[in-house]
Structures are given as C-alpha cells and as structure tokens.
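Survey of secondary and tertiary structure
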Amino acid sequence: MDETEPLDAYSRVVSGVARELTPRVAALRVRHHRGEGAGSAVVFTGDGFLLTNAHVVGSASGGQAAFADGTTAAFTVAGSDPLSDLAVVRAEGPVPGPVILGDADALVVGQLVVAVGNPLGLAGSVTAGVVSALGRSLPTAQPTRSGTAVRVIEDVIQTDAALNPGNSGGALADARGRVVGVSTAVAGIGLGLAVPVNATTRRIIAALIGHGRVRRAYLGLAAGPVPVPAPLRARLGQDGALRVAQVVPGSPAERAGLRRGDLVLTAGGAPVAHAQSLQRLMFAEAIGRPLPITVLRNGALVDVIAEPVELDAEHA
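Positions within a chain are numbered from 1, following the residues in the order the chain's sequence is written. Reporting of local features is limited, given that this is a predicted model, to residues whose pLDDT is at least 70; pairs of side-chain atoms are given and counted only at 80 or more, and all residues count toward the totals for whole chains, interfaces and linings. Water and hydrogen atoms were dropped before computing side-chain values, which therefore reflect all heavy atoms in the structure.

1. Looking at the side chain of Asn 167
- What counts as a helix is a DSSP run of H or I of at least four residues, what counts as a strand is a run of E of at least two, and both are numbered from the N terminus. Relative to the elements of secondary structure, Asn 167 occurs in the loop between strand E9 (147–159) and strand E10 (171–173).
- Only heavy atoms matter for contacts: two residues are in contact if any of them lie within 4.5 Å across the pair. In contact with Asn 167, not counting residues within four places along its chain, are Ser 40, Gly 117, Asn 118, Pro 119, Ser 125, Ala 162 and Ser 183.

2. Describing helix H3 (residues 199–211)
- How far a helix is expected to stretch is found by multiplying one less than its residue total by 1.5 Å. Over its 13 residues, H3 extends 18 Å from the first C-alpha to the last, a length consistent with the 18 Å expected when each residue adds 1.5 Å.
- Only protein chains enter the accessibility calculation, which uses a 1.4 Å probe; a residue whose area is less than 20% of its type maximum is buried, one above 50% is exposed, and one in between is partly exposed. Within the span of H3, buried status applies to Thr 200, Thr 201, Ile 204, Ile 205, Ala 207 and Leu 208. Projected down its long axis, H3 carries its buried residues within an arc of 160°, all on one side. What points out from H3, more than 90 degrees from its buried face, is the exposed set Ala 199 and Gly 210.
- Elements in contact with the buried residues of H3: strand E3 (49–52), strand E5 (72–81), strand E6 (86–91), strand E12 (191–196) and helix H6 (275–279).
- You can read the cap of H3 off the contacts: a side-chain oxygen lies 3.1 Å from the backbone nitrogen of Thr 200, and it is on Asn 198. The directions considered for the arc are those from the helix axis to the C-beta atoms. We call two N or O atoms a polar contact when they sit within 3.5 Å, provided that within protein one can donate a hydrogen and the other can accept it, with sequence-adjacent residues counted only if both atoms are side-chain atoms.

3. Regarding the packing of aromatic side chains
- Two rings belonging to Phe, Tyr or Trp (six-membered ring only in the last case) form a pair when the distance between their centres is within 6.5 Å. Interplanar angles under 30 degrees mark stacking, angles over 60 mark edge-to-face geometry, and anything in between is tilted. This model, assessed by the stated rule, comprises zero aromatic pairs.
- For the cation-ring pair, Arg 203 lies above Phe 283, with the distance from its terminal atom to the ring centre recorded as 3.9 Å.
- The positively charged end of Arg 216 is found above the aromatic ring belonging to Phe 283, 4.9 Å away from the centroid. Both a distance and an angle decide whether a charge sits over a ring: NZ of Lys or CZ of Arg must be within 6 Å of the ring centre and within 35 degrees of the ring normal.

4. So, the pattern of salt bridges
- The term salt bridge refers to a side-chain nitrogen of Lys or Arg lying within 4 Å of a carboxyl oxygen of Asp or Glu. This model, assessed by the stated rule, comprises eight salt bridges.
- Ionic pairing is found between Asp 262 and Arg 297, a salt bridge with its closest N-O pair at 2.8 Å. Of this pair, Asp 262 sits in the loop between helix H5 (252–256) and strand E16 (263–267) while Arg 297 is found in strand E18 (residues 291–297), placing the two residues 35 residues apart along the sequence.
- Look at Asp 262 and you get buried, because its relative accessible area is 2%.
- The network of salt bridges with common partners includes Arg 213, Arg 215 and Glu 310.

Set out below in structure tokens:
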C-alpha cells in the first residue's frame, strides 16, 4: 500500500472543499462609529444574501464585499442577532452563486471540517481540522448602550482548524463542502469556534431576512452537555443534561437561583439533553413568561422558576 495514500485522500477532500467554497466567501469591510471593521461572509442565497457574524457588522448599516474573482459589491445589513452572533447582509449587485447549507446536528466529534475565510481581502484562507467538541457555550463581552456586558453564544462548534484574523463570518464546511457553521472567534492557540447551521439558526436567519431582527429571550447562563450520572439515569429517564459553567451576574438565571455546577435536567417541562434544547426555547414566546427549570444540585432535585427577558438594545 502506498503510505502517502491517506494524506493524498485527505488533501483531495480539503482542496475540493476549498475550490468549491473560496469563490463564494467574501471579504467584508464596514464602517461604524467605532471605526472600520472587517471579516468574512458566505453567499447562501441566489439573490445576494450573505451570512456573517453580528460582531463583524457591529452597528454598521452597510459596507463593501469583495470576492476572490475580483467582484465587488456594496451591501446593506438586513439584520443582526447578537445572541447567536449571526448577521445577514444583502449585496446590491451580482455575486457568485450560493453555497449549500448543511446540518450541524449531524456532526460528530472527530469529523473532518474545513474553514474557509477571506481575511483582509486575502482570498482563500483555508485551514482544516476536526470537530473537537459540540454544544459549547461562548461567553463574550459585547457593547451595550451603557458600556459592555457579558453575553453567552450557545451551542457553538469547537474545532482545531486554525482561524486566521478576519476569518470571522467565514464558512466551516464538512467533507462534502456543505456549510455547517459560521466561524465566530479565535478562542485560543489551536482552537476555533463556529456558530452551527441547524434548524434553530435557520429560524434566526429567516427572521433576519424577513424582519431585520429576532425577538429573542435572554436567560444568561453558559452550559455544556454532560452525561447524567449512571445511578440516576433510570430514575430520571434521560441520559444527558447540561452542566452550568457560568451564570451571568444580574441575569434572569441568577435571579432564579441557578448556580455554577447545577445540572439542568428539564426546562419548560421538557428534557434538556444539549445546549440546543434550551436555545430552542429562547424565542419571542418565552419573553416575560415563567420558565420552570429542574436541576440536580448536590444530589438533590431543585426546581426554580426563571423569567427570561427580551434581548433588547440594552441586552444585545
């Protein structure tokens, strides 16, 4: 057997994804009151809508998109959702054809992923790696009208595919070139994070296109999926839950009495097995309504009632 064959097969996959996606990933330049910003964006519809990060566009209303083939187009910001760190912009001229959106819910740890960005106009920045973890939460410092506040981006994909400066808003794709995530941050050396493309984020994207914003409920905790302790699985009737890693000070979660280390079992009467189970509840219908949450704390079941607030200009 040729010892180089596995590497050649790997290279063929990565180069094939790069060839498919590089023309469809734009470099964005935006101007806002804090100065000029830059990042990447991915064409995802045939009529010129591009997907990027909310933190890339910031408070800007528009900017310029540039593609690998030299095409440039002005764009306007259609909508932005800070809690998911997703934004949609629309090009005002012709752009390359769209990518194919996949489903991040089908990802498994260890799976090959390819990150494609367009940082600072250096078209075709491509790195590859594996999915390191799923269902992570990302606390971020985000500007508000009164300064800055800690917010939590839920259900992110962790990968060891290196993300270069300016890759935020670029594509994270599987081996078939389907975009399963939007690169969102460089968390540390050898570590990257991406917002998943799945049913929840498709709902967010549709709202941004249709209404320019997403009415979101805000709870204020960061949590990751963990197995339910074996002795309790039969009694509780579930295998997975969420371990609370951080509770944002002054948030509805803190006011409800949730604590770091709590194991969240149910919310709204439904089992909570992964971050998306909770995230799916955080839309308009949850705002201002009591949300019963059951946690396991020090071996005892504890019931609390949280009341999510709207993610408005002060919380965004």
